[in-house]
Structure formats: structure tokens, C-alpha cells
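Per-entry structural report
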Amino acid sequence: MDSFMLENEKKAEILESLNSDDAELKRETITDLLGSPIDDEIIAELVECVKDSDKGVRDAASLTLMHNGNPNIPAFVVPLISSEDISV
């Protein structure tokens, strides 16, 4: 199996975990992304995690987004500024 297939499988696994109902799995997945290069699709899912009902998931997602070097992150985060949810 070539590295492109492995990367796609890993990305699919990450996205599946970020969309899980299991808060612990989400937190672990998000923490594993800290310091890793992430693309726009994963950033979009992390931004959704910032709105999660679990405080640990929200905190992990925020931390990962703040400490990642992808220059597209601000464009994904700016819409959250007008959120009615004070925790966001």
C-alpha cells in the first residue's frame, strides 16, 4: 500500500473520530493532532468541536487550533465570534 493510501485512510479515521459521539475518543484524537500538520477539512471539523457540548473536547480543539501553523485557521474561526453560545 502506498503512502497516499495510508494518508487517506488515516485522515478518514481522524474525521470519523472527530464526528464520534464518544467525547473521550474526540479528545484523544484532537490531542494527537497537536503539533501535526492539518488540512482544511480537519480544521473545519476541529472548529465544529469548539462548539461541542463537552468542555474537554472544546478545550482540546481550541488548544490544537491555537498551536497549529496552518494559515487558514483564522478564516475558519472568525465566524465563531458572532456565536450566541457564550462558551464558544
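These lines cover the structure that appears in this document, whether it is placed above or below. Every value quoted in this text rests on a predicted model; they were computed, and no experiment measured them.

1. Side note on the pattern of salt bridges
Considering all chains together, one arrives at eight salt bridges under this definition. K11 is the salt-bridge partner of D39, the closest N and O atoms lying 2.5 Å from each other. One end of the pair, D39, is in the loop between α2 (23–33) and α3 (40–50); the other, K11, is in helix α1 (residues 3–18), and 28 residues separate them in sequence. You can call D39 partly exposed: its relative accessible area is 28%.

2. Some details on the packing of α2 against helix α4 (residues 55–66)
Where α2 contacts α4, the two axes come as close as 9 Å, and the packing angle between them is 15°. One finds that α2 runs roughly parallel with respect to α4. In the crossing of α2 with α4, the sense of the turn from one axis to the other is left-handed. On the side of α2, the interface is formed by A23, K26, R27, I30, T31 and L33, while α4 contributes G56, V57, A60, A61 and T64. In terms of residue class, the contact of α2 with α4 is made up of six nonpolar, three polar and two charged.

Parameters and conventions
Residues numbered from 1 in each chain as written. Predicted model: local features only at pLDDT ≥ 70, side-chain atom pairs only at ≥ 80, totals over all residues. Heavy atoms only, no water. Salt bridge = Lys/Arg side-chain N within 4 Å of Asp/Glu carboxyl O. Helix = DSSP H or I, 4+ residues; strand = E, 2+ residues; numbered from the N terminus. Buried < 20%, exposed > 50% of the residue type's maximum accessible area, 1.4 Å probe, protein only. Axes fitted to C-alpha atoms, helices over the stretch in contact; angles between N-to-C directions. Parallel < 35°, antiparallel > 145°, perpendicular 65-115°, else oblique. Left-handed = near helix turned anticlockwise from the far one by under 90°. Contact = heavy atoms within 4.5 Å. Nonpolar A, V, L, I, M, F, W, Y, C, P; charged D, E, K, R; others polar.

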